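What follows is the residue order along each chain.
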Amino acid sequence: MKVAFYDAKPYDKVWFDALSEQYGVEIKYFDFKLNAETAPLAAGYDAVCIFVNDNANKQTLDILYEGGVKLLALRSAGYNNVDFKSSHGKIHVVRVPDYSPAAVAEHAVALLLTLNRKTHRAYARTRDNNFNINGFIGMDLVGKTAGVIGTGKIGRVYAGICKGFGMNVIAFDPYPAEDSDIKYVGLDELLRSSDVISLHCPLTPETHHIINRENLDKMKPHAIVINTSRGALIDTAALIDALKSRKIGGAGLDVYEEESDYFFEDLSDTIIEDDELSRLLTFPNVLLTSHQAFFTEEAMHEIARVTMENIKAYGANLPLDNEICYKCGEVCTKNENTGRCF
Ligand code: NAI
């Protein structure tokens, strides 16, 4: 299998090169993102491997298909960047559904602990021989209420860690987990009674801007919002207004609505043109990381391994266990003989 690998970073190459020979996969790395302009470069490749900010819209998918690409291998769990109706019947789409829920959940907790106890600011202060602790006051997490929106693989690990801290965990999910003791409440109650709210649902038309102006208004004035899922779950303009008017206590963000032009790149010598991103970075009670929640050694190994397994299975005409299509979860019944969506 020949694979065109988009948006490749040095750390991707380390983990994929370690497995490529073993899986018989030949990889051409491109350091730019997939979009309609760069898609023609994949002509002649069997598969294309992409990450979260590559854009597999209709135009891009049509170009890939015309170039002979038959497999789109996402090296991510989320898949909101793919137009599934356009790929169906033409290009199989596979992903890595659960490489390390702990990696993401633990990063959400890192954002929470850092924001709450201001260790990021303390680090900078003590390095400057400034041992003053003014402004660093936090709250005890024990006994506080952690609201979890989305109790899938990551949300449940996060909820477990919060319970370990002695927090009272409540959750909202239209599809509650049957095998857990999580206390489910309505979204309204969660927003009103949580001291910390963490987002662990996928980005869909229903969850787009689930944290909007109206919902921010319902939160406690000291509530901390954590988002390690997808940027567009939060209406950024509304979040900025809520922070400016001190309606909430802070925000820990690993994702941002318009992150694709910025995240994963070193732009320290350039001027940021996105005023909302720049504004967010001015708040002392906002902590922004650049979509790194997945980034542990265990997760990178698993992402590379499962992606290689997905590619190998396609090349060997085997069932595609990790394939998804727009009918999955509703009417898609994977073909009994092929184990594929189409
Ligand atoms: P999952 O599919 O196991 O769980 C998602 C949960 O969200 C499900 O329980 C589902 O019922 C629930 N959900 C669906 N619609 C909802 C709604 N309207 N309101 C509340 N809950 C809703 O997914 P998993 O593995 O836990 O991942 C969650 C998200 O985390 C992914 O969709 C992805 O966007 C993000 N992610 C971020 C990473 C990062 O590095 N920052 C890495 C991996 C995933």
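Residues numbered from 1 in each chain as written. Predicted model: local features only at pLDDT ≥ 70, side-chain atom pairs only at ≥ 80, totals over all residues. Heavy atoms only, no water.

(A) View of the nonpolar core. In terms of nonpolar packing, the biggest core is built from 62 residues, with Ile149, Ile211, Leu216, Met219, Leu239 and Ile248 touching the most fellow members. When residues in this core are grouped by element, the largest group, 9 residues, is from helix H11 (residues 297-315). For Ile248, the contacting residues outside a window of four places in its chain are Leu216, Met219, Lys220, Pro221, Ala223, Val225, Leu239, Ala242, Leu243 and Asn285. Judged by nonpolar contacts, the second largest core, of 21 residues, contains Val109, Met167, Val169 and Ile182. (Core = buried A, V, L, I, M, F, W, Y, C linked by side-chain atoms within 4.5 Å. Buried < 20%, exposed > 50% of the residue type's maximum accessible area, 1.4 Å probe, protein only. Helix = DSSP H or I, 4+ residues; strand = E, 2+ residues; numbered from the N terminus. Contact = heavy atoms within 4.5 Å.)

(B) Quick look at the site of the ligand. Within the structure, the ligand sits among 23 residues, and Tyr99, Lys153, Ile154, Asp173 and Thr228 are positioned closest to it. Within the contact set of the ligand, an oxygen atom lies 2.6 Å away from a side-chain nitrogen or oxygen of Asp173. Asp254 is positioned with one of its side-chain polar atoms (N or O) 3.1 Å from a nitrogen atom of the ligand. Surface burial for the ligand is 86%, taken as the share of its 860 Å² of free accessible area covered by protein chains. Of the residues belonging to the shell around the ligand, the class tally is 11 nonpolar, 8 polar and 4 charged. (Near = heavy atom within 4 Å. Polar contact = N/O pair within 3.5 Å; in protein donor to acceptor, adjacent residues only side chain to side chain. Areas by Shrake-Rupley, 256 points an atom, 1.4 Å probe, with all protein chains shown as cover. Nonpolar A, V, L, I, M, F, W, Y, C, P; charged D, E, K, R; others polar.)

(C) Up close: the sheet that holds strand S8 (residues 183-184). Spatially, S8-S7-S6-S9-S10-S11-S12 is the arrangement adopted by the 7 strands of the open sheet, whose pairing is parallel. Two strands in the sheet have a free side with no partner beyond their single neighbour: S8 and strand S12 (286-288). (Pairing = 2+ DSSP bridges.)

(D) Representation of the environment of Gly89. Here Gly89 is to be found in the loop between helix H3 (84-87) and strand S5 (92-94). When its relative accessible area of 47% is taken as the criterion, Gly89 is described as partly exposed. Considered as a pair, Gly89 and Lys70 are 19 residues apart in the sequence and their alpha carbons are 9.9 Å apart.

(E) Geometry of the sheet that holds strand S1 (residues 2-5). Spatial ordering of the open sheet is given by S2-S1-S3-S4-S5, a layout of 5 strands whose pairing is parallel. Looking at strand neighbours, the two that pair on one side only are strand S2 (26-29) and S5, the edges of this open sheet. With direction set aside, neighbouring strand axes in the sheet form an average angle of 25°. One ladder, built from 3 bridges, connects strand S4 (residues 71-74) with S5; its direction is parallel. (Axes fitted to C-alpha atoms, helices over the stretch in contact; angles between N-to-C directions.)

(F) Here's a closer look at the pairing of strand S3 (residues 47-50). Burial along S3 is two-sided: the face carrying Ala47 and Cys49 and the face carrying Val48 and Ile50 are both buried. For S1 and S3, the ladder comprises 3 bridges, and the chain directions are parallel. Opposite Phe5, over in S3, you have Cys49 as the bridge partner. Bridging between S3 and S4 involves 4 bridges; their strand directions are parallel. In the strand pairing of S4, Cys49 is matched with Ala73. In this view, the connection linking S3 to its parallel neighbour S4 by way of helix H2 (residues 58-66) has right-handed handedness. (Right-handed = clockwise from strand over helix to strand, strands pointing away.)

(G) Seen up close, the pattern of salt bridges. In total, this model carries 14 salt bridges according to the counting rule given. Residue Asp62 is joined to Lys58 by a salt bridge in which the shortest nitrogen-to-oxygen separation is 2.8 Å. With Asp62 and Lys58 both in helix H2 and 4 residues apart, this pair spans about one turn of that helix. Taken together, the shared-partner salt bridges connect Asp7, Lys9, Lys33 and Glu265 into one network. (Salt bridge = Lys/Arg side-chain N within 4 Å of Asp/Glu carboxyl O.)

(H) Looking closely at the packing of aromatic side chains. According to the stated counting rule, one finds 10 aromatic pairs in the structure shown. Where Phe51 meets Phe264, the ring centres are 5.6 Å apart and the plane angle is 55°; that geometry is what we call tilted. With Phe51 in the loop between S3 and H2 and Phe264 in the loop between strand S11 (250-253) and helix H10 (275-280), the pair connects residues that are 213 residues apart, well separated along the chain. When sorted by exposure, Phe51 lands in the same class as Phe264, which is buried. Pairing Phe294 with Phe295 gives two aromatic rings, centres 5.5 Å apart and planes at 50°, and the pair type is tilted. Note on Phe295: relative accessible area 40%, which makes it partly exposed. Within the aromatic cluster, the residues linked to one another by ring pairs are Tyr11, Phe51, Phe264, Phe294 and Phe295. Over the ring of Tyr45 we find Lys2; its NZ or CZ atom is 5.0 Å from the centre of that ring. Sitting over the ring of Phe283, Arg279 keeps its end group 4.3 Å from the ring centre. (Phe/Tyr/Trp six-rings, centres within 6.5 Å; stacked < 30°, edge-to-face > 60°. Lys NZ or Arg CZ within 6 Å of the ring centre and 35° of its normal.)

Note that all results are geometric; they support no functional claim without further evidence.
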